[in-house]
Amino acid sequence: MTSPNVALTIAGSDSGGGAGIQADLKTFGQFGVFGASVITAVTAQNTVGVTAVHVVPAATVTAQIDAVLVDLPVGAVKTGMLATAELVELVAARAAAGELPNLVVDPVLVSATGHRLLEESALTAYRDLLLPHATIATPNLEEAAVLVGRPLRTLDDARAAAHALAELGTQLVVVKGGHIEGPQAVDVIVVAGEDHELAADRIDTSNTHGTGCTFAAAAAAGLANGVDPLDALAGAKRYVTGAIAGAAAWRLGAGNGPLDHLGFGPRPSHRDSTTP
C-alpha cells in the first residue's frame, strides 16, 4: 500500500466532537487522507452552546505548525477557528511564505448557537492578509455578510458577495446557502469571474452541528488527493449531504446534533473519486 496523502487542519477543538478539529479529522479519514492538526483554541461546547474558550498561545500554534510541516508532506491545509487577530496574522504569514499549499479557509466567526469565536479586530486580517492566499474560501451567508459589511438574504446577494470576496485574491469563493430559505440548499461559487452553483434537497433535521467545518475539511481532502477545486467542492457537497441524511433521526444531545461523519446511518449509495 502506498502512503496516504496528508491534509492539515488548523482549528479549534470541540469537546462535543461534532465540529472543529474532531469533525475535520473524521472527514479527512473518510476521504482516505491522513489528517494532521494544529489546535488554535480549546472550547468547552456541546450541541447546546459554547461555555468556555481557551486560546492557545501563538508560540505554541507556531510550534505545532513547524512540527507538522518539517516532517509530513502536507498536500492541503484547512483553517477553521483562528480566534484572534494575532493567530490570523500568524497563519497568513505562513501562507504568504508558500508553506500552506491548497489552502481552504473556513472563516469561523460565530458558532451556530451565537457564540462569537473571532475577535472583531481579526476581520481586517482575514480580508487583507489571509483570504488573498486561499485556494478556496467557504463562508456561510452570515459569515460572508460580516466579511463584506452588508446584510445578505438572497442567492443574488450571496453571488454578489462571492464576487466581492474573490476580488480580494481568493481563487475560488463559495458562499454556502444553508441559511437561504427554499426547498434546496444552494451554494454559489465564483471562480475566475464565472458563476457556478451546487444544490441539494434540504433534509428535515436539526442535526447540523459542524456542517461548515465538515464541508471545508472535505474540500481540503479533495485537494490533498489531487482533485480539481470545483470537483473537490462537488464532492464536499455530496459528503455533507450524506452525513446530514445519515444523522437526520439521531437524538444526540439537547441541541443541534452532530453529523454522521463515519457512515453509521443510511446515506446515498454513490461512490466516486471525490467522495468516500
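Residues numbered from 1 in each chain as written. Predicted model: local features only at pLDDT ≥ 70, side-chain atom pairs only at ≥ 80, totals over all residues. Heavy atoms only, no water.

## Considerations on the packing of helix 7 (residues 211-224) against helix 8 (residues 229-247)
Thought 1: Packing of helix 7 against helix 8 leaves a shortest axis separation of 8 Å and a crossing angle of 140°. What the angle tells us is that helix 7 and helix 8 run oblique. Helix 7 and helix 8 meet at a crossing whose hand is right-handed. Only Pro229, Ala232, Leu233, Ala236, Lys237, Tyr239, Val240 and Ile244 of helix 8 make contact with helix 7, whose side of the interface consists of Thr211, Thr214, Phe215, Ala218, Ala219, Gly222 and Leu223.
Thought 2: Per-class residue counts for the contact of helix 7 with helix 8 are eleven nonpolar, three polar and one charged. (Axes fitted to C-alpha atoms, helices over the stretch in contact; angles between N-to-C directions. Helix = DSSP H or I, 4+ residues; strand = E, 2+ residues; numbered from the N terminus. Parallel < 35°, antiparallel > 145°, perpendicular 65-115°, else oblique. Left-handed = near helix turned anticlockwise from the far one by under 90°. Contact = heavy atoms within 4.5 Å. Nonpolar A, V, L, I, M, F, W, Y, C, P; charged D, E, K, R; others polar.)

## Notes on the nonpolar core
As a rule of thumb, soluble globular proteins bury nonpolar side chains together.
Thought 1: In this structure, Leu8, Ile10, Val88, Tyr126, Leu130 and Val175 are the most contacted members of the largest nonpolar core, which totals 47 residues.
Thought 2: Looking at this core, the element that brings in the most residues is helix 3 (residues 85-96), giving seven residues.
Thought 3: With residues near it in sequence (within four places) discarded, Leu8 still touches Phe28, Ala36, Ser37, Val38, Val68, Val74, Ala76, Val77 and Lys78.
Thought 4: Within the second largest apolar cluster, 30 residues are counted, among which are Val174, Ala219, Ala243 and Ile244. (Core = buried A, V, L, I, M, F, W, Y, C linked by side-chain atoms within 4.5 Å. Buried < 20%, exposed > 50% of the residue type's maximum accessible area, 1.4 Å probe, protein only.)

## A word on the packing of aromatic side chains
Thought 1: With the rule as written, the count across this model stands at two aromatic pairs.
Thought 2: Residues Phe31 and Tyr239 carry aromatic rings whose centres are separated by 5.2 Å and whose planes lie at 70° to one another, so their mutual orientation is edge-to-face. In this pair, Phe31 sits in the loop between helix 1 (20-30) and strand 2 (34-45) while Tyr239 sits in helix 8, placing the two residues 208 residues apart along the sequence.
Thought 3: The exposure class of Phe31 is buried, given its relative accessible area of 10%.
Thought 4: Residue classification places Tyr239 among the buried residues on the basis of a relative accessible area of 3%. (Phe/Tyr/Trp six-rings, centres within 6.5 Å; stacked < 30°, edge-to-face > 60°.)

## Regarding the pairing of strand 1 (residues 6-14)
Thought 1: A large share of strand 1 lies buried, amounting to nine of its nine residues.
Thought 2: Regarding the hand of the β-α-β motif, the stretch spanning strand 1, helix 1 and strand 2 is right-handed.
Thought 3: As defined by bridge partners, strand 1 adjoins strand 4 (residues 74-79) across five bridges and the pair is classed as parallel. Among the inter-strand pairings, Val6 is bridged to a residue of strand 4, identified as Val74. (Right-handed = clockwise from strand over helix to strand, strands pointing away. Pairing = 2+ DSSP bridges.)

## A closer look at the layout of surface pockets
Thought 1: By volume, the largest pocket is sized at about 1,200 Å³.
Thought 2: What lines the largest pocket is a set of 45 residues, and nearest its centre among them are Asn140, His179, Thr208, Thr211 and Gly212.
Thought 3: At the level of secondary structure, the elements contributing two or more residues to the lining of the largest pocket comprise strand 1, strand 2, helix 5 (141-148), strand 8 (184-191), strand 9 (194-201), helix 7 and helix 8.
Thought 4: For the lining of the largest pocket, the per-class residue count stands at 16 nonpolar, 19 polar and ten charged.
Thought 5: Looking at the second largest pocket, its volume works out to about 190 Å³.
Thought 6: Along its surface, the second largest pocket is lined by 17 residues, and Gly17, Lys26, Leu252, Pro258 and Leu259 are the ones closest to its centre.
Thought 7: The class makeup of the residues in the lining of the second largest pocket is six nonpolar, eight polar and three charged. (1 Å grid on protein atoms, 1.4 Å probe; cavity = no way out; pocket = protein on both sides within 12 Å on 5 of 7 lines; lining within 4 Å. Points joined across faces, edges and corners; volume = space filled by probe spheres on them.)

## Here's the deal with the packing of helix 1 against helix 7
To describe two helices that pack against each other, one gives the angle between their axes and the distance between the axes.
Thought 1: It is at 9 Å that the axes of helix 1 and helix 7 come closest, and there the two elements cross at 40°. Judged by the angle between their axes, helix 1 and helix 7 are oblique. The interaxial crossing formed by helix 1 with helix 7 has right-handed handedness. Of helix 7, the residues touching helix 1 (which contributes Gly20, Ala23, Asp24, Thr27 and Phe28) are Cys213, Thr214, Ala217, Ala218, Ala220 and Ala221.
Thought 2: Its residues placed into classes, the contact of helix 1 with helix 7 shows seven nonpolar, three polar and one charged.

## Notes on the environment of Val70
Thought 1: As for its placement among the helices and strands, Val70 is situated in the loop between helix 2 (58-69) and strand 4.
Thought 2: Residue classification places Val70 among the exposed residues on the basis of a relative accessible area of 69%.
Thought 3: Sequence-wise, Val70 and Gly98 are 28 residues apart; in three dimensions their C-alpha atoms are separated by 14 Å.

## Considerations on the side chain of Lys237
Thought 1: In this fold, Lys237 is placed in helix 8.
Thought 2: In this structure Lys237 comes out as buried when scored by relative accessible area, which is 10%.
Thought 3: A distance of 3.0 Å separates a polar side-chain atom of Lys237 from the backbone oxygen of Ala185.
Thought 4: Excluding residues within four positions of it along the chain, Lys237 makes contact with Ala185, Asp187, Leu198, Ala199, Ala200 and Phe215. (Polar contact = N/O pair within 3.5 Å; in protein donor to acceptor, adjacent residues only side chain to side chain.)

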